[in-house]
Every structure is written in structure tokens, then in C-alpha cells.
Amino acid sequence: MDDLTEGGLTDSGPTDSELADIGLVGLGVMGANLALNLAEKGFRVAVFDRDPERRAALASGAFGARFTACENEGALLAAVRPPRPTLLLVPAGAPTDAAIAGLADLAEPGDLVIDAGNADFNDTRRRAHELEARSLTFLGVGVSGGAEGARHGPAMMAGGSRAIWARVEPMFTAIAARHGEAPCAAWLGPDGAGHFVKTVHNGIEYADMQMIAEVYGLLRDGLGADEARVADLFRAWSEGPLASYLVEITAEVAAAIDPESGKPVLQIIADSAGQKGTGRWSAIEALRLGSVASTIEAAVGARNLSAASELRASLASPSAAKIDLTPEQLHDALHAGKIVAYAQGFDVLARASVEYGWSLDLAQVARVWRAGCIIRSAMLDDIAAAFEAHPGASLLSAPAFRARLDPLLPALRATVAASALSGLPAPALANALAYRDQLTQPRGTANILQGLRDYFGQHGFERTDRDGSGFHGPWVSG
Ligand code: 6PG
């Protein structure tokens, strides 16, 4: 196989040992790096991308001998050992449907299509059914870790048939990140489970990043910290209970200097953030499932507002009073907010598991996220242990997390209060606090909501002093 040129299989065709172990479609950043990772681990990979330069770059670079560059889907399928697994790394939505159609028309029964992009799990469920109807098999695998992770070890969250996963599991575990000896690649549940877990991973990623941004804002505008000071603080924090990839890279981003201007890079990056949709999907699915993912929602909202440049320019007015907080309080507030963000994310997963009959093992999800992925953090070891000890419980009711969160609350309260009083926004941290407070309030305020609903719509309510439902207030006559 090593001497094959693009699309140029010999007349007699490749021998079995020359056939590739897997096909890969889409040689963007993630696809090319996953292809290199597979090749480095000794797998032969047939690759296809519409851009011939991308194909050629891979075939002529490192491990080039392990690649078969193919000029179309037919050549790709012909170059892979049956039953042929093909990995898709193409943008979500229509491009994924087009790539699947390109393969499905040429595939044979038993061939396997694996979508490793960031797909909406509703699409994954639909695609699985469509391909099954054509005797083809489909897995939706969430892959996290960015370019670096794809190249040297991502976290991988598989959904679909467990038996089909078993066929490709050795390849995926070989290229996955490792936490100690444990590979961070696992089958998590049927149909869309893998992509759903990846979507919620990204939702937590959004919330975590937003809370980091809020603490950065309070440090910068409330405490007058310059970028070097922010970097020093986050570097120190990355050694403690907040130890995580995102906190580590926050220190690096804050410390970086722009070579052109000589200024800290943070000073020259526009304050308007983009998004590809996974955070929004998380919030939407949470609402559909009756879950509260208010930290994720706040994070999506904050990105939306950051991008509303005209409105922001028209309303801009200088804030703000200096705040009276210590960096230690901000550290503890971030720690508390992060616990709540994880609790909300896992609640979304728990509800989806019931709704779709996935039997998700939340401890297993936490274990898969411990290395390789963007939200990897020391806290995930403790989360896995909490779910092992109390499967099915909310993270906030796990004794270890109650004990951990309670002492952090004064700092979270002080931070949210300082944000409100100074006009320096901290919506995700505020939502984290409100979520926790609403859950712990002995007598809530939904009694008046029920009174109002009954008053204007005769919706009825339950009473605290009698069994049954459908009671009405005195405002309903007769
Ligand atoms: C990951 C990342 C990855 C990607 C996000 C970013 O887990 O490796 O989450 O999937 O960076 O899609 O999403 P936004 O562009 O929406 O921030």
C-alpha cells in the first residue's frame, strides 16, 4: 500500500494487508490530526477531502506511508478492509448529511459510518435510523480536545450499537487520551448518546469559560489587575482545587504578548465571542428536558451580547466602582460556580438518559472527561467518585460536594454582590448562586405563582394541608 499513489490502486487491487484499517473523510484541523494520530499508532488510513492539497499534504508528510490519499468516496471505500469503517470529520449539519450520502450510495451492507464531528444528537438519531434502513451501521462519536487532543489523544464519547462499537474500540482506545492507564474513550449509550454527552461537555465548557471571563473582568476592572497579575493568579490557581486545562491556558493567554504591538495579547483581542452552536444546543435540550442549565444559558447569552456590537456601542457608559474583594474570594467563587456548572450539566445528562432510555453511567462520563478533553479537571475524579457512591443523585446532594460547596458560598455571595453593586457583570456566577439558593430554600415562592395561575386561569393548585389537587382559591366563585 505504501507505493500507491492518489486514487491509483493497482489493477489487481490491494491485497488484504495493503488495505487500510479505516477511512477518514474531512482533512480539516481535527480530521488531519486524527489521521496522524491513527497513523502514528500503526493504523493504515485511507483519507479523502475535496481539497487535493490537503490529501497530498498528509500523504507526503509524517507517516505518509500509512496513508492512502483517495480522490473520491469510491476510491476511499475500495481502499479500506471490509466491513469498512469510515470516520467523518466534517462540519455539522448539511455538510455531514452530504458526506454521509456520498458514502452511503457506494457502501455495502455492514459498512460503518462514524460521525466524529460536533453533531446535534437529534441529527445523529435520524442518521442512524436512515442508515440502518439501508443495512449500514452508524456511530455518533463526540471527540474533544481541539487540534492538540486530536493529534496526541482526545477524549471520545461513543453512541450507537455497543456491538458495532466493539468492532472499532481497539482503534479508538489506541488513539485516545489516557488518565493513568485508563483510556478516555468509551461507549456511553445507544443512538445519539455519544453526541449528546459531547454537546453537554461543550455546554459545561461554555459555562466554565464564561465564569473564568467574569472573574477576569472583576480582577481587571474591579481590582485593577493587569494581565501579568491575572496570569500569575490563574497559574497559582491551576495548582489547587481549580486545577484544569481551562485555568492553565487562561494563565498562558493572559501572559502572552502580541509580537506586533508588544502589548499583552488580551489588550488587542476584540471583546466579541463567536460560537458554533453546541452551547446553545445544550441550553435548548436542557429546557426541553425540564432541566435548569442556567450557567450554560448565561454563557450563551453573554456570547450573544458580546457580539451585539452596535447595541453595545450605543449604550456604552463607563462603569464602575472598584470592588472590595480579594483574589482568594474570586478563586472560591469560581470554584463554587464550577461545581454548580458541572451539577447542571450532569442533571441534563441524567434527564436525557431517562427520556431516551440510554442508561447513562454518569461516573463513566466523568471518567472519560478526566483527560484529553477541554473541560478536563481535577474535580472530575471527585465527580466520578461521587456518582459511583450515589448513582442517580444530583451532584449537589452528594455529601462530598455539599461539604465542598458550603464553605465556598460566602465568597460566591460576596462576588455576585460586588458584581451587582459595581455594574461589572457576572451572569453565570449569579445564576450559579441563584440555582443553589432556590434548591436549598425550605419554602419557595411557587405558591404565589400557583395562586396567580388559578386566579386568571382557574388552573387549580395543591394544598399543604390536604391531599389531592385541583383546589381553587376564593377568587373562583361557585
Ligand atoms: C472540544 C471543543 C471543540 C470546539 C468547540 C468550540 O471539545 O474540543 O469543544 O468541540 O472547540 O466546538 O465551540 P464554539 O466555537 O462554539 O466555542
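Residues numbered from 1 in each chain as written. Predicted model: local features only at pLDDT ≥ 70, side-chain atom pairs only at ≥ 80, totals over all residues. Heavy atoms only, no water.

## Regarding the overall build of the protein chain
Piece 1. Scanning the protein chain for helices and strands turns up 21 helices and ten strands.
Piece 2. Taking 23 Å as the expected radius of gyration for a compact globule of 478 residues, we find that the protein chain reaches 25 Å, a close match to that expectation.
Piece 3. By its C-alpha atoms, the protein chain is 85 × 70 × 45 Å across when sized along the principal axes.
Piece 4. Residue pairs at least 24 apart in sequence account for 68% of intrachain contacts in the protein chain once pairs closer than 6 positions are excluded.
Piece 5. Total accessible area on the protein chain stands at roughly 21500 Å², and carbon and sulfur atoms take up 53% of it. (Helix = DSSP H or I, 4+ residues; strand = E, 2+ residues; numbered from the N terminus. Rg over C-alpha atoms; globule rule 2.2 N^0.38 Å. Contact = heavy atoms within 4.5 Å. Areas by Shrake-Rupley, 256 points an atom, 1.4 Å probe, with all protein chains shown as cover.)

## Notes on the site of the ligand
Piece 1. Contacts to the ligand come from 14 residues, most closely from S144, E205, Y206, K276 and R303.
Piece 2. Side-chain polar atom of N118 to an oxygen atom of the ligand: 2.8 Å apart, as the coordinates give it.
Piece 3. Within the contact set of the ligand, an oxygen atom lies 2.9 Å away from a backbone nitrogen or oxygen of G145.
Piece 4. Relative to its unbound accessible surface of 410 Å², the ligand loses 80% to contact with the protein.
Piece 5. Top element by residues in the shell around the ligand is helix α8 (residues 193-222). It accounts for five residues. (Near = heavy atom within 4 Å. Polar contact = N/O pair within 3.5 Å; in protein donor to acceptor, adjacent residues only side chain to side chain.)

## Some remarks on helix α7 (residues 162-175)
Piece 1. Taking 1.5 Å as the rise per residue, α7 with 14 residues should run 20 Å; its terminal C-alpha atoms sit 19 Å apart, in good agreement.
Piece 2. Approximately 55° is the largest bend angle found in α7, and it occurs at V168, with the proline P170 only one to four residues beyond.
Piece 3. Of all the residues in α7, the buried ones are I164, W165, V168, M171, F172, T173 and I175.
Piece 4. Of the residues flanking the start of α7, the one acting as N-cap is S161, its side-chain oxygen 3.3 Å from the backbone nitrogen of A163. (Expected span 1.5 Å × (residues − 1). Bend = angle between axes of the 7 residues up to and from the residue. Buried < 20%, exposed > 50% of the residue type's maximum accessible area, 1.4 Å probe, protein only.)

## Looking at the state of the cysteines
Piece 1. Enumeration over the complete set of coordinates arrives at zero disulfides.
Piece 2. There is no disulfide at C373, and the cysteine sulfur nearest it, in C184, is 7.4 Å away. (Disulfide = S-S within 2.5 Å.)

## Focus: the sheet that holds strand β3 (residues 67-70)
Piece 1. Pairing within the open sheet is mixed, and its eight strands lie in the order β3-β2-β1-β4-β5-β6-β7-β10. Edge positions in the open sheet fall to β3 and β10 (185-189), since each of these has one partner strand only. Going from strand to strand, the sheet's axes swing by 25° on average, the running direction of each strand aside.
Piece 2. Most of the contacts of helix α4 (residues 94-104) go to strand β4 (residues 85-88), to which it runs at about 160°, and overall it touches β1 (22-25), β4, β5 (112-115) and β6 (137-144). (Pairing = 2+ DSSP bridges. Axes fitted to C-alpha atoms, helices over the stretch in contact; angles between N-to-C directions.)

## Some words on the pattern of salt bridges
Piece 1. Enumeration over the complete set of coordinates arrives at 28 salt bridges.
Piece 2. In this structure, D21 and R81 form a salt bridge, with 3.1 Å as the shortest nitrogen-oxygen distance. Of the two residues, D21 is situated in the segment before β1 and R81 in the loop between α3 (73-78) and β4; the sequence distance between them amounts to 60 residues.
Piece 3. Exposure remark for R81: the relative accessible area of 25% places this residue in the partly exposed category.
Piece 4. Counted as one network, the salt bridges with shared partners bring together D97, D115, D123, R126, R127 and E130. (Salt bridge = Lys/Arg side-chain N within 4 Å of Asp/Glu carboxyl O.)

## Concerning the packing of aromatic side chains
Two measures describe an aromatic ring pair: the distance that separates the ring centres and the angle between the ring planes.
Piece 1. Taken as a whole and judged by the stated rule, the model has ten aromatic pairs.
Piece 2. Ring geometry for F346 and F387: centres 4.9 Å apart, planes at 45°, overall tilted. Remark: F387 occurs in helix α17 (residues 379-389) and F346 occurs in helix α15 (residues 327-356); sequence separation between them is 41 residues.
Piece 3. Classification of F387 by relative accessible area gives buried; the value is 4%. (Phe/Tyr/Trp six-rings, centres within 6.5 Å; stacked < 30°, edge-to-face > 60°.)

## Examining a nonpolar patch on the surface
Piece 1. A cluster of nonpolar residues, I448, L449, L452, Y455, F456 and W475, forms a patch on the protein surface that exposes about 710 Å² of accessible area.
Piece 2. A relative accessible area of 64% places F456 in the exposed class. (Patch = residues over 30% accessible without salt bridge, like charges linked within 9 Å, V, L, I, M, F, W, Y side chains within 5 Å.)

## Let's talk about the nonpolar core
Piece 1. Of all hydrophobic cores here, the largest spans 85 residues; its most connected members are F234, W237, F346, L349, W369 and I383.
Piece 2. Setting aside residues no more than four positions away along its own chain, F234 makes contact with I212, V215, L219, V247, T250, A251 and L334.
Piece 3. Residues I22, L38, W165 and W187 belong to the second largest nonpolar core, which totals 34 residues. (Core = buried A, V, L, I, M, F, W, Y, C linked by side-chain atoms within 4.5 Å.)

## Describing the pairing of β1
Piece 1. On β1, burial covers both faces: I22 and L24 on one face and G23 and V25 on the other are all buried.
Piece 2. In the sheet, β1 pairs with strand β2 (residues 45-48) via four bridges, with the strands oriented parallel. Across the sheet, V25 pairs through a bridge with F48, a residue of β2.
Piece 3. A crossover connection joins β1 to the parallel β2 through helix α1 (residues 29-40); in handedness this β-α-β unit is right-handed.
Piece 4. Pairing between β1 and β4: three bridges, direction parallel. When the bridges of β4 are listed, G23 appears paired with T86. (Right-handed = clockwise from strand over helix to strand, strands pointing away.)

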